[in-house]
Amino acid sequence: MKPKVYVTRRIPEIGLKILREHCEVVYRDELPPPARDELLKAVEDVNAVYCTLNETIDKELIDRAKSLKVVGTMSVGVDHIDVEYATKKGIYIVYTPGVLTETVADHTWALLLAVARRIVEADSYVRKGEWKIPFAPTMMLGHDVYGKVLGIIGLGRIGQAVARRAKGFNMRILYYDVVRREALEKELGVEYAPLERLLMESDYVSIHVPLTPETRGLIGEKELRLMKRTAILVNTSRGPVVDQKALFRALKEGWIAGAGLDVFEKEPIDPNDPLLRLENVVVTPHIGSASHDTRNKMAELTAMGIVKVLKGEVPENLLNPEVINVRPLSMVKMI
Ligand code: GLV
């Protein structure tokens, strides 16, 4: 009997193709994520779940899914998964590290430049017919990027890719991380700074940490007040790393100059949220990794990871290798 896989929502075709070659696929071909009840019911009799960051894979779900062997999440972030409990229960988790790094770094830069040079505001100014005077020496002035100081919070894969791009802008690069990365300091020409110093000295601050109990609310009122009044904050990691109410005040009251945000405390953000009325903010709807190539690669990697586990092999993108000691691969093998 083929293993049964539940795919929680519409995914790139390549992922489906791989799964269908080996498994019975229950495909929920919908854009929005399933409601919690629907999800809990759907996982009851499946061997694998292909999900996204919007489906919470917690103790309740894991306990309901009695035949579950592997969860593949089409994301690099895994804050929606109780990895510890899954591991304890012998459930393999595969995810998508690596394949989205450069695409998210590109998007981070798109936001940084858009805020610095007021691109969205300027675009709408032209379209609305407000551009009535030709080149004006004092019109729509923004902030330089070239030669400024970039502070990177979290020098993981994406933080490093953001740093590499900053070299072309001749920036001085500071980074803060829970671990000092001396080999990378040399390779990338970056300098370690404690968080407070990074916030005080940077013209641009970009966040690249995973969401964990330690990073939730990492950037709050105190931290925002340390930043330069001319500084710009960019967040393409997870919304709850930043206290959004404090950020609103910082932007409105001029503690900092602007923000570029791809992620929010609650997604989708309420269209009436006052943050969206501020002109010094550029927002995108959590699309950091959303290029055609990268989403295909993510779908492929997720599906391949699921199939490999079900074949009794160790996938390259296994998040919790300790699980092998809890439930050996010979016990999950179905293909
Ligand atoms: C997107 O946010 C991801 O975690 O892949």
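Residues numbered from 1 in each chain as written. Predicted model: local features only at pLDDT ≥ 70, side-chain atom pairs only at ≥ 80, totals over all residues. Heavy atoms only, no water.

Digging into the overall build of the protein
Then, in step 1: The helix and strand tally for the protein stands at 14 helices and twelve strands.
Then, in step 2: Computed over its C-alpha atoms, the radius of gyration of the protein comes to 22 Å, within 12% of the 20 Å expected for a compact globule of 335 residues.
Then, in step 3: Every one of the 335 residues in the protein was classed for burial, and the buried ones make up 51%.
Then, in step 4: Long-range pairs, those at least 24 residues apart, make up 60% of the contacts in the protein between residues at least 6 apart in sequence.
Then, in step 5: With an accessible surface of roughly 16,400 Å², the protein has 54% of that area assigned to carbon and sulfur atoms.
Then, in step 6: Each charge class in the protein can be summarised by its mean position, and for the 47 positive and 46 negative side chains these summaries are 1 Å apart. (Helix = DSSP H or I, 4+ residues; strand = E, 2+ residues; numbered from the N terminus. Rg over C-alpha atoms; globule rule 2.2 N^0.38 Å. Buried < 20%, exposed > 50% of the residue type's maximum accessible area, 1.4 Å probe, protein only. Contact = heavy atoms within 4.5 Å. Areas by Shrake-Rupley, 256 points an atom, 1.4 Å probe, with all protein chains shown as cover. Lys, Arg positive; Asp, Glu negative; His and termini not counted. Charge placed at Lys NZ, Arg CZ, Asp CG, Glu CD.)

Section: the site of the ligand
Then, in step 1: With respect to spatial proximity, the complete set of residues near the ligand consists of Leu 53, Ser 75, Val 76, Gly 77, Leu 100, Arg 238 and His 286.
Then, in step 2: Separating an oxygen atom of the ligand from a side-chain N or O atom of Arg 238 is a distance of 2.7 Å.
Then, in step 3: Residue His 286 places a side-chain N or O atom 2.6 Å away from an oxygen atom belonging to the ligand.
Then, in step 4: Out of a free accessible area of 190 Å², the ligand has 89% covered by protein chains. (Near = heavy atom within 4 Å. Polar contact = N/O pair within 3.5 Å; in protein donor to acceptor, adjacent residues only side chain to side chain.)

Thoughts on the pattern of salt bridges
Once the charged atoms of two side chains with opposite charge are near each other, the side chains can pair.
Then, in step 1: A full pass over the atoms with the stated rule returns 28 salt bridges.
Then, in step 2: Ionic pairing is found between Lys 4 and Asp 45, a salt bridge with its closest N-O pair at 2.7 Å. Here Lys 4, found in strand E1 (residues 4-7), pairs with Asp 45, found in the loop between helix H2 (36-42) and strand E3 (48-51); they are 41 residues apart in sequence, far enough to count as distant.
Then, in step 3: For Asp 45, a relative accessible area of 43% gives the class partly exposed.
Then, in step 4: Note that Asp 106 and Arg 165 form a salt bridge whose closest N and O atoms lie 2.9 Å from each other. Placement of the pair is Asp 106 in helix H5 (residues 101-116) and Arg 165 in helix H7 (residues 157-167), with a sequence separation of 59 residues.
Then, in step 5: What emerges from the salt-bridge pattern is a single network uniting Glu 102, Asp 106, Arg 164 and Arg 165. (Salt bridge = Lys/Arg side-chain N within 4 Å of Asp/Glu carboxyl O.)

Structural notes on the domain arrangement of the protein
Then, in step 1: For the protein, the domain assignment lists domain 1 (4-98 + 292-332) and domain 2 (101-283).
Then, in step 2: Computed over C-alpha atoms only, the centres of domain 1 and domain 2 are separated by 32 Å.
Then, in step 3: Contacts between the two partners involve eight residues from domain 1 and, on the opposite side, five residues from domain 2.
Then, in step 4: Surface buried jointly by domain 1 and domain 2 totals about 580 Å² across both partners, of which 42% is contributed by carbon and sulfur atoms.
Then, in step 5: Among the residues domain 1 hides against domain 2, the three largest losses belong to Asp 79, Gly 98 and Thr 294. Together they make up 62% of the total.
Then, in step 6: For the salt bridge of Asp 79 with Arg 238, the shortest nitrogen-to-oxygen distance reads 2.9 Å.
Then, in step 7: The interface formed by domain 1 and domain 2 contains three residue pairs in polar contact (both at pLDDT 80 or more). (Domains from an automatic or database assignment. Buried area = accessible area lost by both parts, 1.4 Å probe.)

Details of the sheet that holds strand E5 (residues 92-94)
Then, in step 1: If you walk across this open sheet you meet the five strands as E2-E1-E3-E4-E5, and the pairing is parallel. Two strands close off the open sheet at either side, each with one partner strand: strand E2 (24-27) and E5. Neighbour-to-neighbour, the strand axes of this sheet turn through a mean angle of 15°, independent of strand direction.
Then, in step 2: Here E1 pairs with E3 via three bridges, running parallel. Across the sheet, residue Val 5 finds its bridge partner in E3, namely Ala 48.
Then, in step 3: Relative to E2, helix H1 (residues 13-22) is tilted by about 140°, and along the sheet it contacts E1, E2 and E3. (Pairing = 2+ DSSP bridges. Axes fitted to C-alpha atoms, helices over the stretch in contact; angles between N-to-C directions.)

So, the packing of H1 against helix H12 (residues 292-310)
Helix packing for two helices is described by the angle between their axes and how far apart those axes are.
Then, in step 1: Running from N to C, H1 and H12 cross one another at 20°; their axes reach a closest spacing of 7 Å. Between H1 and H12, the crossing angle belongs to the class labelled roughly parallel. Crossing hand, H1 versus H12: right-handed. Touching Ile 14, Gly 15, Ile 18, Leu 19 and His 22 of H1 are Asn 296, Ala 299, Glu 300, Ala 303, Met 304, Ile 306 and Val 307, all from H12. (Parallel < 35°, antiparallel > 145°, perpendicular 65-115°, else oblique. Left-handed = near helix turned anticlockwise from the far one by under 90°.)

A few points about the packing of aromatic side chains
Then, in step 1: Within the structure shown, the criterion is met by three aromatic pairs.
Then, in step 2: Here the aromatic rings of Trp 109 and Phe 169 are separated by 4.6 Å at their centres, their planes lie at 15°, and the arrangement is stacked. Note that Trp 109 is positioned in helix H5 and Phe 169 in the loop between H7 and strand E7 (172-176), a separation of 60 residues in sequence.
Then, in step 3: Residue Trp 109 is classed as buried on the basis of its relative accessible area of 5%.
Then, in step 4: Members of the aromatic cluster, joined through ring pairs, are Tyr 175, Tyr 176 and Tyr 192.
Then, in step 5: Positioned above the aromatic ring of Trp 255 is the side chain of Arg 225, whose terminal nitrogen or guanidinium carbon lies 3.8 Å from the ring centre. (Phe/Tyr/Trp six-rings, centres within 6.5 Å; stacked < 30°, edge-to-face > 60°. Lys NZ or Arg CZ within 6 Å of the ring centre and 35° of its normal.)

Concerning unusual backbone geometry
Then, in step 1: For the bond running from Glu 267 to Pro 268, omega is -5°, close enough to zero to count as cis.
Then, in step 2: For Pro 268, the position within the fold is in the loop between strand E11 (258-261) and strand E12 (281-283).
Then, in step 3: Non-glycine residue Met 140 carries a positive phi angle of around 50°.
Then, in step 4: Looking at the secondary structure, you find Met 140 in the loop between helix H6 (119-127) and strand E6 (149-153).
Then, in step 5: Owing to a relative accessible area of 23%, Met 140 belongs among the partly exposed residues under this scheme.

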